[in-house]
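Listed below are the residues making up each chain.
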Amino acid sequence: ALVMWLYLARSLARKIDLEHKLEKVLIKPLIDLAGILMGLLWGKIFGLSFVLDFVNVMFSVIFLGLMIYFEVEFRMRKTKYPYKLVGKSISRFTSKENLPKKMLLLDFAGDRLYYATHPLFISSHAIFLVVFSLVKFVQNENLHMRRLIFWLHSIAAHAKNPECKVFLVGTHKDLLPRKRRKQITKSITKKIGHHPRLLEMIVFNMVNGSDNTSRHSFVFCVENSVHIANDIEGLRLREALEKEVHRAEHVKYEIPLRWLKFYDLTNSRKRRKGRKGYPKNCTSSKEAVWNIVRNESIFDEGEEGAFDQMLDFYHRVGEIKLMEDFVVFDPQLVVDLLTNLLRMPIQDSDFVPLVLMEKLCKNLNAPFKEVITILRHFDIVCPLLNTPLQEDTAYTDYYIVPLLLKRLDRKRDILEVEDDILSSDPESDYDSRLPFWQNRPTDVTFLFNFKEFNPDAIFVRLLARCSYVSQQSHDLSNRRNVYSDAGRFYQSNDFYYKIELCTSADEQSLVQVTIGSS
């Protein structure tokens, strides 16, 4: 009777889904106790008595031991994860420094078109290599110096990590004489020296001289055409990189073993070798992922905080991309989305039709709604509403992609300002010579100086956001208001404003904002 009721109590305890951990700690033992009492009561009803002798005691102890053993085995089989084996493997390492490290390499596109995508991929849990051609640097030192400084500023702004480390790597060193390479590294060192925050991020290239002295440089000059075993600078770069990896604090971060099961889950949802496109479950809503980890017994009800902490960790180390309410299990999907989006064959209108967006998602086997949510979250696209009252949904006839827009042709002559600016439309007649864009005497102009930070990435995001706000009160579908370097928008019916990306001088990058009354 005791065995039977204990078994029934255990089966009941397994089936009950309790919301809080405290309830599990208190209620499940009470169910076991109730099972023991019911067993004793059942025995009394049928006139049975428990004789305290060696056989009965041993039987009860063995039964309870087997019950505990099978309960543990049940939980292990339910989770389907070899925690014992993983723990045993990790215990062989004597310290954290000896644990194997996994390095995930993300190759950024350096073109201007991709500047706006930096927030997508720059992570606080990363070490950065800014790679540039020494030969191209010599051909146009001012341009490439500005680009180099911009990349460092962008990393500092988006990584949000005071301990962030950056390697500067110059390639094709054998195509330049040694003296010229020294001049370049000296020029870069001098320029970065004026920026204390950037200086803190740079990893020095420590060179030991023949006279037992050491000197440092900010640049690792490597040669692409030879094997790294024959490139002293390349070997020095590898050694310095390994030291920074072992020194990084986020590498020493301890995580619960159960998180590893989620890591295996993410790998199962990534693109497999030899397969076109991505699995259909490569993206999921956060709510769906929560249900999955509960069913897999990674988390229990009431552990939403620990679940969010796990997602944030894997997002920062680059295993997944967490975008508000969506989880992208393979970051490469976002890379392919952007690459294919910027290669789209756009017609003269510069607007991307719905058909092309659906085709893009179909080619990558990616869900359309989630893709639009991701692209809108980072201001890569903006829906073009048919009317100001149209409901804002993922599906619309056309989309504005600021990265694909043409530049405003400022070479056309400008006539005197028309009294009614809102009625002029230069796109209806190219001979109108842009009265639409010319300022009125009552307009107020502001200039925002970004100094050495290239504002291109910020500007394209401004275009997307301003376009969306402007559509709430005005119909933009029949008027050319937006270019890649300029835009004219409306704030309700009260006033209009123009934003323009000005031609940058050597030491300044300007965004001009002009405000006028409607």
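What you see as residue numbers is a count from 1 along each chain, following the sequence as written. Selection of residues for local features in this predicted model requires a pLDDT of at least 70, selection of side-chain atom pairs for listing and counting requires 80 or more, and totals for whole chains, interfaces and linings are taken over all residues. Heavy atoms throughout the structure, all of them, feed into the side-chain values; hydrogens and water do not.

**What to know about the overall build of the protein chain**
Summing up its helical and strand segments, the protein chain has 17 helices and 15 strands in all. Each residue's exposure class comes from its accessible area (1.4 Å probe, protein chains only) as a fraction of the maximum for that residue type: buried when under 20%, exposed when over 50%, partly exposed otherwise. For the protein chain, with 518 residues in total, the buried portion stands at 42%. Long-range contacts, defined as pairs at least 24 residues apart, comprise 66% of the intrachain contacts of the protein chain with a sequence gap of at least 6. In short, Shrake-Rupley with a 1.4 Å probe defines the accessible areas, and a residue's cover is counted only from the protein chains shown. Carbon and sulfur atoms provide 57% of the accessible area of the protein chain, an area that totals close to 29700 Å². Think of it this way: any DSSP run of H or I at least four residues long counts as a helix, any run of E at least two long counts as a strand, and we number them from the N terminus. Whether two residues are in contact is decided by their heavy atoms, any of which lying within 4.5 Å being enough.

**Thoughts on the sheet that holds strand S6 (residues 283-285)**
By way of backbone hydrogen bonds, the strands of a sheet pair with one another, either parallel or antiparallel. Pairing between strands requires that DSSP locate at least two bridges from one strand to the other. As summarised here, the arrangement of the three strands in space is S6-S8-S7, forming an open sheet in which the pairing is antiparallel. Each edge of the open sheet is held by one strand with a lone partner, namely S6 and strand S7 (321-323). Put simply, the sheet's adjacent strands are angled 20° from each other on average, direction ignored. The pairing of S6 with strand S8 (residues 326-328) spans three bridges and is classified as antiparallel. When the sheet's bridge partners are listed, serine 285 is paired in S8 with phenylalanine 326. Here, axes are lines fitted to C-alpha atoms. For helices the fit covers the stretch in contact, and angles between N-to-C directions go from 0 to 180 degrees. Across the face of the sheet, helix H14 (residues 331-342) comes into contact with S6, S7 and S8 while running at roughly 70° to S7.

**Here's the deal with the sheet that holds strand S1 (residues 127-133)**
Pairing within the open sheet is parallel, and its three strands lie in the order S1-S2-S5. Here the strands that pair on one side only, and so sit at the sheet edges, are S1 and strand S5 (219-221). Shown here is a sheet whose adjacent strand axes are inclined to one another by a mean of 30°, direction ignored. The sheet contact formed by strand S2 (residues 165-171) and S5 spans three bridges and is parallel. For leucine 168, the partnering residue across the bridge sits in S5 and is valine 219. Set on the sheet, helix H7 (residues 141-159) makes contact with S1 and S2; between it and S1 the angle comes to about 165°.

**Quick look at helix H16 (residues 368-377)**
Looking only at H16, the buried set comprises Phe368, Glu370, Val371, Ile372, Ile374 and Leu375. Following H16 by one or two positions, aspartate 379 adopts a phi angle in the positive range, close to 60°.

**So, the packing of aromatic side chains**
For Phe, Tyr and Trp, rings pair up if their centres lie within 6.5 Å, where Trp contributes its six-membered ring, and each pair is then called stacked (planes under 30 degrees apart), edge-to-face (over 60) or tilted (otherwise). Evaluated as defined, the whole model comprises 13 aromatic pairs. Seen from their ring centres, phenylalanine 262 and tyrosine 314 are 5.7 Å apart, and the 40° between their planes marks the pair as tilted. Highlighted residues: phenylalanine 262 in helix H11 (residues 259-268) and tyrosine 314 in helix H13 (residues 304-316), separated in sequence by 52 residues. Plain terms: the ring middles of phenylalanine 495 and tyrosine 497 are 6.4 Å apart, the flat faces sit at 50° to each other, and that makes the pair tilted. Of the residues examined, tyrosine 497 reaches a relative accessible area of 11% and is grouped as buried. Of the aromatic side chains, those joined through ring pairs into one cluster are Trp259, Phe262, Tyr263, Phe313, Tyr314 and Phe329. Above the ring of tyrosine 496, the side-chain terminus of arginine 488 is found at 4.0 Å from the ring centroid. Only lysine NZ and arginine CZ atoms are considered, and such an atom sits over a ring when it is within 6 Å of the ring centre and within 35 degrees of the ring normal.

**Overview of the environment of isoleucine 90**
Mapped onto the elements of the fold, isoleucine 90 is located in helix H4 (residues 83-90). For isoleucine 90 and proline 100, which are 10 residues apart along the polypeptide, the C-alpha to C-alpha distance reads 9.9 Å. Sequence-distant contacts of isoleucine 90, defined by excluding residues within four places in its chain, comprise Leu99 and Leu257.

**Topic: the packing of H7 against helix H8 (residues 178-192)**
Close contact between H7 and H8 brings their axes to 11 Å; oriented N to C, the two are set at 50°. As summarised for this structure, H7 and H8 are arranged oblique, according to the angle between their axes. Once H7 is placed against H8, the crossing between them reads as right-handed. Contacts between H7 and H8 pair Glu141, Met145, Leu148, Ile149 and Leu152 from the former with Arg180, Ser187, Ile188, Lys191 and Ile192 from the latter. When residue character is reported, Ala, Val, Leu, Ile, Met, Phe, Trp, Tyr, Cys and Pro are called nonpolar, Asp, Glu, Lys and Arg charged, and the others, Gly included, polar. Residue classes in the contact of H7 with H8 are distributed as six nonpolar, one polar and three charged. If an angle is under 35 degrees, it is roughly parallel; if it is over 145, roughly antiparallel; if it lies from 65 to 115, roughly perpendicular; otherwise it is oblique. If you view the pair so one helix is near and one far, a crossing is left-handed when the near helix is turned anticlockwise from the far one by less than a right angle, and right-handed when it is turned clockwise.

**Concerning the confidence of the model for the protein chain**
When pLDDT is averaged along the protein chain, the result is 76, and 74% of the positions lie at 70 or above. Note on scores: pLDDT gives the predictor's confidence for each residue, bounded by 0 and 100. The model gives residues 18-22 a pLDDT under 50, and that stretch makes nine contacts with residues more than four places away or in other chains. Throughout residues 412-434 the model reports pLDDT below 50, and contacts reaching past four residues in sequence, or to other chains, amount to 43 contacts.

**Description of a nonpolar patch on the surface**
Nonpolar side chains collect at one region of the surface, where Leu30, Leu33, Ile36, Leu37 and Leu40 lie side by side and expose about 450 Å² of accessible area between them. Among the secondary structure elements, leucine 30 is positioned in helix H2 (residues 21-45). Here, patches come from residues exposed beyond 30% relative accessible area and free of salt bridges, joined within 9 Å for like charges and within 5 Å for nonpolar side chains (Val, Leu, Ile, Met, Phe, Trp, Tyr). For salt bridges, the criterion is a side-chain nitrogen of Lys or Arg within 4 Å of an Asp or Glu carboxyl oxygen.

**Quick word on helix H17 (residues 456-470)**
Given a helix with a known number of residues, its expected span is that number minus one, times 1.5 Å. With 15 residues, H17 extends 21 Å between its outermost C-alpha atoms, agreeing within 8% with the 21 Å of an ideal straight helix rising 1.5 Å per residue. Taken as a whole, H17 has its buried residues at Asp456, Ala457, Phe459, Val460, Arg461, Leu463, Ala464, Cys466, Ser467 and Ser470.

**Observations concerning the nonpolar core**
Residue types Ala, Val, Leu, Ile, Met, Phe, Trp, Tyr and Cys, when buried and joined through side-chain atoms within 4.5 Å, form a set referred to as a nonpolar core. Counting 35 residues, the largest nonpolar core has Leu341, Met357, Leu375 and Ile380 as its most contacted members. Counting only elements with at least two residues in this core, the list comes to helix H5 (118-121), H14, helix H15 (354-363) and H16. Of all the elements, H14 adds the most residues to this core, at six residues. When neighbours within four sequence positions are excluded, methionine 357 is seen to be in contact with Leu341, Met344, Val352, Phe368, Ile372, Leu375, Val381 and Tyr399. Leu148, Ala159, Ile184 and Ala457 belong to the second largest nonpolar core, which has 30 residues in total.

**Concerning the pattern of salt bridges**
Tallying each qualifying case throughout the model produces 13 salt bridges. The partner of lysine 243 in a salt bridge is glutamate 239, with the nearest N and O atoms 3.8 Å apart. Placement of the pair is lysine 243 and glutamate 239 together in helix H10 (residues 232-247), with a separation of four residues, close to one helical turn. The exposure class assigned to lysine 243 is partly exposed, which follows from its relative accessible area of 46%. Of the charged contacts, one joins aspartate 485 and arginine 407 as a salt bridge, the two residues approaching to 3.5 Å between their closest N and O atoms. Remark: arginine 407 occurs in the loop between strand S11 (398-400) and strand S12 (444-449) and aspartate 485 occurs in the loop between H17 and strand S13 (486-491); sequence separation between them is 78 residues.

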